[in-house]
Amino acid sequence: MSDSTDTSPSHLVNDRYLRALSKQPVDMTPVWMMRQAGRYLPEYKATRAQAGDFMSLCRNAELACEVTLQPLRRFELDAAILFSDILTIPDAMGLGLYFEAGEGPKFKHPLTNQREIEKLGIPDPEGELQYVMNAVRTIRKELKGEVPLIGFSGSPWTLATYMIEGGSSKAFTKIKKMAFADPQALHLLLDKLADAVIAYLNAQIAAGAQSVMVFDTWGGVLSPRDYNLFSLQYMAKIVDGLTRHNDGRKVPVTLFTKNGGMWLESIADTGCDAVGLDWTINIDEARARIGDKVALQGNMDPSMLYASPDRIEEEVTTILKKYGTGSGHVFNLGHGIHLDVPPENAGVFIDAVHRLSKPYHNGQ
Ligand code: CP3
């Protein structure tokens, strides 16, 4: 553990999350939840109502900070995650993001051809996206070194799905049509997005993010060859372009491809520090395959939070036992928390991870 008398600005009271990502010894397994700030919390809904709508909440540094901290006031979480969205980059590129009630995100100007892609600029993180950096700076200040702050971005492929489909999709026909009928246009877009993500994440790091995560929510809808070609290649470019040390400390990078269990070795080969797992793969298998190279994050099915406290604890026990002894595991859900989960169940989950993981770190 770090020295509790340290008063430097980069000192952390609880650095379990960063230590686990570097496989340094920890007293218990750190835990946070994807989408830990959100609509399952009544206090989030109240602050969003105060902001007016979701994007106004993201654009207001004080309110974005408030909702970032809300889950930390309720639960003993080992990390905070910036409150924002992956679609800030396409919005800053001029696509006109808006949210239709009950339908998720939409773009006013989806991309249809190479000409439109050629016209796109790389957003200036301290220009059009300065509101995100302001949120990072405000959150870091308000966290007062309690726990580390995670910055994030979408992967180029995942961002491109929304930019070409015009919103959420099930079959991804428009982007796949471009991938197979006009691959040059799609590669141009993915390359620009990789450059935009590098600038955006490095600016988040400069503003105070102590770790970053890339969400590749839709990489798993591709064939193995096309996953490498259209998604992983661009995430590897991002890993290469990121600031990996800041403020005297390593800035770990986590890559998360939902449904990417088949491709763990190639994901770990990008040089990232950690790989996020969804619940469709066993964590013991993942550790055997890539645990010598990277740390692992995951991987309880988020729907398990609908279960009884006993059932939740049983599932936490199973996953801890599967991972086994030693550091290198950040406990999380395999995807975002559902909006109708009772907050008390999230509390049961987080407390169970801490309490039940101690024996796995004895003598560390
Ligand atoms: O994890 C966190 O607490 C940080 C905040 C965060 C949000 N979105 C807030 C949000 C993060 C990390 C994201 C990432 C994100 N956004 C992803 C990748 C992760 C994943 O879940 O797969 C994706 C694909 C998006 C795009 C997006 N933004 C969608 C599909 C939606 C609609 C979701 C829904 O259930 O309606 C959003 C909006 C959004 N982003 C909300 C939140 C809390 C809900 C907005 C609201 O308050 O109505």
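The chain appears in an unreviewed UniProt entry as Uroporphyrinogen decarboxylase from Salinimonas profundi. Of the comments in the UniProt record for the chain, the one headed Sequence similarities (unreviewed entry) reads "Belongs to the uroporphyrinogen decarboxylase family." As stated in UniProt under Subcellular location (unreviewed entry), the record for the chain gives "Cytoplasm".

A.B. asks: Could you clarify how one ought to interpret the overall build of the chain in this entry?
C.D. replies: Summing up its helical and strand segments, the chain has 15 helices and eleven strands in all. Taken over the C-alpha trace, the chain has a radius of gyration of 20 Å; the compact-globule value for 364 residues is 21 Å, and the two agree within 12%. With the principal axes as the frame, the chain shows a C-alpha extent of 60 × 45 × 40 Å. Out of the 364 residues in the chain, the part that is buried amounts to 59%. Put simply, of all contacts in the chain between residues at least 6 apart along the chain, 72% involve residues at least 24 apart. Carbon and sulfur atoms form 49% of the exposed surface of the chain, whose accessible area is close to 14,500 Å². If the 37 positive side-chain charges of the chain are averaged to one point and the 44 negative ones to another, these points end up 2 Å apart.

A.B. asks: Help me out: how do you make sense of the site of the ligand in this one?
C.D. replies: Close contacts around the ligand come from 22 residues, with Arg35, Arg39, Tyr44, Arg48 and His335 the closest. For the ligand, an oxygen atom lies 2.5 Å from a polar atom in the side chain of tyrosine 44. Interatomic distance of 2.7 Å between a side-chain N/O atom of aspartate 85 and a nitrogen atom of the ligand. Of the residues that constitute the shell around the ligand, the class distribution is 14 nonpolar, four polar and four charged.

A.B. asks: It is not clear to me how the side chain of serine 327 should be interpreted in this structure. Could you clarify?
C.D. replies: Position of serine 327 among the secondary structure elements: in the loop between helix 14 (309–323) and strand 11 (329–333). Of note is the side chain of serine 327, whose polar atom sits 2.7 Å from the backbone oxygen of glutamine 24.

A.B. asks: It is not clear to me how the pairing of strand 8 (residues 253–257) should be interpreted in this structure. Could you clarify?
C.D. replies: Here strand 8 lies mainly inside the structure; five of its five residues are buried. Burial along strand 8 is two-sided: Val253, Leu255 and Thr257 and Thr254 and Phe256, pointing in opposite directions, are all buried. For strand 8 and strand 9 (residues 274–276), the ladder comprises three bridges, and the chain directions are parallel. In the sheet register, threonine 254 faces strand 9, and the bridge partner there is alanine 274.

A.B. asks: For this particular structure, what's the right way to read helix 7 (residues 130–143)?
C.D. replies: Each α-helix winds once per 3.6 residues, and so residues spaced three or four apart point in a common direction. A rise of 1.5 Å per residue sets the reference length of helix 7, with its 14 residues, at 20 Å; its end C-alpha atoms lie 20 Å apart and thus fit the reference within 8%. Within helix 7 the residues assigned to the buried category are Tyr131, Val132, Met133, Ala135, Val136, Thr138, Ile139, Arg140 and Leu143. For helix 7, the elements touching its buried residues are helix 3 (54–59), helix 4 (61–74), strand 1 (80–81), helix 5 (88–95), strand 4 (149–154) and helix 10 (183–207). In the segment just after helix 7, lysine 144 is the residue with positive phi, at about 50 degrees.

A.B. asks: In this structure, what is going on with a positive patch on the surface? I would like to understand it.
C.D. replies: Together, Arg35, Arg39, Lys45 and Arg48 give the surface a local cluster of positive charge. Its place among the elements puts arginine 48 in helix 2 (residues 42–51). Judged by relative accessible area, which is 30%, arginine 48 ranks as partly exposed.

A.B. asks: Even after reading the chapter, I still don't get the packing of aromatic side chains, so can you show me in this structure?
C.D. replies: Ring pairs (aromatic) are described by centroid distance and by the angle formed between their planes. With the rule as written, the count across this model stands at ten aromatic pairs. Centre to centre, the rings of phenylalanine 54 and phenylalanine 99 are 5.0 Å apart; their planes meet at 75 degrees, and the pair counts as edge-to-face. One end of the pair, phenylalanine 54, is in helix 3; the other, phenylalanine 99, is in strand 2 (residues 97–100), and 45 residues separate them in sequence. Given a relative accessible area of 14%, phenylalanine 54 falls into the buried group. Its relative accessible area of 35% is what places phenylalanine 99 among the partly exposed residues. A ring pair is formed by phenylalanine 152 and phenylalanine 215, whose centres lie 5.6 Å apart and whose planes are at 90 degrees; its orientation type is edge-to-face. Of the two residues, phenylalanine 152 sits in strand 4 while phenylalanine 215 sits in strand 5 (residues 211–216), which places them 63 residues apart along the sequence. An identical accessibility class is assigned to phenylalanine 152 and phenylalanine 215; each is buried. Through a chain of ring-to-ring contacts, the aromatic side chains of Tyr44, Phe54, Phe83 and Phe99 assemble into a single cluster. Positioned over the ring face of tyrosine 131 is arginine 59, at 5.1 Å from the centre of the ring.

Procedures and definitions
Residues numbered from 1 in each chain as written. Predicted model: local features only at pLDDT ≥ 70, side-chain atom pairs only at ≥ 80, totals over all residues. Heavy atoms only, no water. UniProt positions renumbered as here; feature names shortened; annotations may be inferred. Helix = DSSP H or I, 4+ residues; strand = E, 2+ residues; numbered from the N terminus. Rg over C-alpha atoms; globule rule 2.2 N^0.38 Å. Buried < 20%, exposed > 50% of the residue type's maximum accessible area, 1.4 Å probe, protein only. Contact = heavy atoms within 4.5 Å. Areas by Shrake-Rupley, 256 points an atom, 1.4 Å probe, with all protein chains shown as cover. Lys, Arg positive; Asp, Glu negative; His and termini not counted. Charge placed at Lys NZ, Arg CZ, Asp CG, Glu CD. Near = heavy atom within 4 Å. Polar contact = N/O pair within 3.5 Å; in protein donor to acceptor, adjacent residues only side chain to side chain. Nonpolar A, V, L, I, M, F, W, Y, C, P; charged D, E, K, R; others polar. Pairing = 2+ DSSP bridges. Expected span 1.5 Å × (residues − 1). Patch = residues over 30% accessible without salt bridge, like charges linked within 9 Å, V, L, I, M, F, W, Y side chains within 5 Å. Salt bridge = Lys/Arg side-chain N within 4 Å of Asp/Glu carboxyl O. Phe/Tyr/Trp six-rings, centres within 6.5 Å; stacked < 30°, edge-to-face > 60°. Lys NZ or Arg CZ within 6 Å of the ring centre and 35° of its normal.

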